[in-house]
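Architecture and fold: a report
Chain by chain, the residues run as shown.
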Amino acid sequence: FDVMVRVKHRYLLIELVWNKNRYVEGLTPFDIFKIVRTLVESHFGMVAAGACSVSLQVKYFNAAANTLILRCLSEYHRLVWASLTFCTNIAGVGVF
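In this report, we go over the structure that sits alongside the text. (Residues numbered from 1 in each chain as written. Predicted model: local features only at pLDDT ≥ 70, side-chain atom pairs only at ≥ 80, totals over all residues. Heavy atoms only, no water.)

All chains considered together, the criterion is met by one salt bridge. Between Asp 31 and Lys 34 there is a salt bridge whose closest N-O contact spans 3.9 Å. A residue pair is termed a helical-turn pair when its members lie 3 or 4 positions apart in one helix, as Asp 31 and Lys 34 do in helix H1 (residues 29-44) at three residues. (Salt bridge = Lys/Arg side-chain N within 4 Å of Asp/Glu carboxyl O. Helix = DSSP H or I, 4+ residues; strand = E, 2+ residues; numbered from the N terminus.)

Next comes the structure, spelled out in structure tokens:
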């Protein structure tokens, strides 16, 4: 028996609003990935962070426009979303 399973992903569009027009220079998509993974781990534990990071991917990042698009499995998108809600700073610079 061959069973086909469809993998469903969700895309999250995020705008970074920096506090007092300060921003982090040299921020890369891999830095964003590490920040999101750390946020999920701090709020939901290592198991949730491991499950999310398997499918977590930064699809688009534009430092000039302060926007990024994250892709994750649909069963974990609420964990990522909730973790991003509680993000208050990135590399010591405040964000809203």
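Here we come to the packing of aromatic side chains. The full count for this structure, using the stated rule, is one aromatic pair. Ring centres of Phe 30 and Phe 33 lie 6.1 Å apart, and the angle between their planes is 25°; on these two criteria the pair is classed as stacked. Pair noted here: Phe 30 and Phe 33 are both in helix H1, with a separation of three residues, about one helical turn. Under the relative-accessibility criterion, Phe 33 is labelled buried at 14%. (Phe/Tyr/Trp six-rings, centres within 6.5 Å; stacked < 30°, edge-to-face > 60°. Buried < 20%, exposed > 50% of the residue type's maximum accessible area, 1.4 Å probe, protein only.)

Now for the side chain of Ser 83. Inspection of the secondary structure assignment puts Ser 83 in helix H3 (residues 77-85). Reaching out from Ser 83, the side chain makes a polar contact with the backbone oxygen of Leu 79 at a distance of 2.9 Å. (Polar contact = N/O pair within 3.5 Å; in protein donor to acceptor, adjacent residues only side chain to side chain.)

Now for unusual backbone geometry. Despite not being glycine, Asn 66 has its phi angle at roughly 60°, a positive value. Summarising the element assignment, Asn 66 is placed in the loop between strand E2 (57-62) and strand E3 (67-73). The exposure class assigned to Asn 66 is partly exposed, which follows from its relative accessible area of 21%. In this structure, Ala 91 is a non-glycine residue whose phi angle is positive, near 55°. Tracing the backbone through its elements, the reader meets Ala 91 in the loop between strand E4 (89-90) and strand E5 (93-94). Taking the relative accessible area as the measure of exposure, Ala 91 reaches 64% and is therefore exposed.

Two elements in contact, H1 and helix H2 (residues 46-55), have axes whose closest approach is 7 Å; the angle formed by their N-to-C orientations is 145°. At the point where H1 passes H2, the crossing takes the right-handed sense. For the pair H1 and H2, contact is made by Phe 33, Arg 37, Val 40, Glu 41 and Phe 44 and by Met 46, Ala 48, Ala 49, Cys 52 and Ser 53, respectively. Looking at side-chain class alone, the contact of H1 with H2 contains seven nonpolar, one polar and two charged residues. (Axes fitted to C-alpha atoms, helices over the stretch in contact; angles between N-to-C directions. Left-handed = near helix turned anticlockwise from the far one by under 90°. Contact = heavy atoms within 4.5 Å. Nonpolar A, V, L, I, M, F, W, Y, C, P; charged D, E, K, R; others polar.)

These figures capture arrangement, not role.
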